[in-house]
Amino acid sequence: MRYTSTSQPLIIGHRGYSAKYPENTIVSFLAALYHGADGVELDVWLSSDGIPVVIHDESTKRVSGVDLLVKKNSLLELRKAYLGMGQVIPTLEEVFTALPRNKLVLVEVKDLDAVESIVELIKKYNRLESTVLISFIPEVLVKARGLSSELKIGLNIDSMEKAQWGWSKHGELKLYSINPPIEGLKMFRFFAGMYLKQARNAGLKIYLWTVNDPRDAKEWSSSVDGIITDNVEEIVKALRG
């Protein structure tokens, strides 16, 4: 399995192939892989009955029109939210069952309460090698590391302060990756270049989000280990012909 730096970055479907399929669904994930992605990124909350479910927002309103708070509803209730193309909200366990184990999965944890159950599933499905648990929430990464010394964990960066925190904690937490936004790199090109170089020299992987312009993908492809995109086919074509 190829999860190390190469001349070509990995291409990772953001919530699957979300430009053409309902985001964070089984069909979206499988479509991303079918069209050439090396892996997928997804988001997880914990339902009221303690099941890790795959959805980005804290409510189902945006993706289904039905307004249900994820943490306040059981899986059975959440299944009533129809996402289109025959899809409903999947569980993380269903995703792990559906996807080949040699494909990379970036599991973004949106909910601190979900960490323990997610780590258990990663271990249960023997996905320690092919899964990276990522989050914008520092406490999530601290908790995850306390549960497993082998788990790959990565920090999503949304501010300069978060970038500095990640750099100061990467040794203590044994971070596997840092994951900056494309817009931040474009805005602070000089400092971004220095930061990325330092990160790679320290052995950290870099997954860049969310890259939907093929020109950006080409420009930054030599500086990162993975490109997270909604537009899987366009980015695959741009980087691999």
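Quick note: structure is the one above.
A brief structural summary.

How each quantity is defined
Residues numbered from 1 in each chain as written. Predicted model: local features only at pLDDT ≥ 70, side-chain atom pairs only at ≥ 80, totals over all residues. Heavy atoms only, no water. Buried < 20%, exposed > 50% of the residue type's maximum accessible area, 1.4 Å probe, protein only. Helix = DSSP H or I, 4+ residues; strand = E, 2+ residues; numbered from the N terminus. Pairing = 2+ DSSP bridges. Right-handed = clockwise from strand over helix to strand, strands pointing away. Patch = residues over 30% accessible without salt bridge, like charges linked within 9 Å, V, L, I, M, F, W, Y side chains within 5 Å. Areas by Shrake-Rupley, 256 points an atom, 1.4 Å probe, with all protein chains shown as cover. Salt bridge = Lys/Arg side-chain N within 4 Å of Asp/Glu carboxyl O. Contact = heavy atoms within 4.5 Å.

**Regarding the pairing of strand E10 (residues 205-208)**
One face of the sheet, then the other: side chains in a regular strand alternate in exactly this way.
Reasoning step 1: Side chains Lys205 and Tyr207 of E10 all project onto a buried face; the interleaved residues Ile206 and Leu208 project onto the opposite face, where all are buried too.
Reasoning step 2: Sheet topology places strand E9 (residues 177-179) next to E10; two bridges connect them, and they run parallel. Within the sheet, the bridge partner assigned to Ile178 lies in E10 and is Ile206.
Reasoning step 3: Note that E10 and strand E11 (residues 226-229) share two bridges and pair parallel. Opposite Leu208, over in E11, you have Ile227 as the bridge partner.
Reasoning step 4: Crossover E10 to E11 through helix H10 (residues 214-220) is right-handed.

**Brief notes about a nonpolar patch on the surface**
Reasoning step 1: Residues Met160, Met187, Phe188, Phe190, Phe191 and Met194 make up a contiguous nonpolar surface patch of roughly 700 Å² in combined accessible area.
Reasoning step 2: For the nonpolar patch, the leading source of residues is helix H9 (residues 189-201), giving three residues.
Reasoning step 3: Residue classification places Phe191 among the exposed residues on the basis of a relative accessible area of 55%.

**Section: the side chain of Ser221**
Reasoning step 1: Structurally, the position occupied by Ser221 is in the loop between H10 and E11.
Reasoning step 2: Once you skip the residues sitting within four places of it in the chain, Ser221 turns out to touch Pro9, Ile227 and Leu239.

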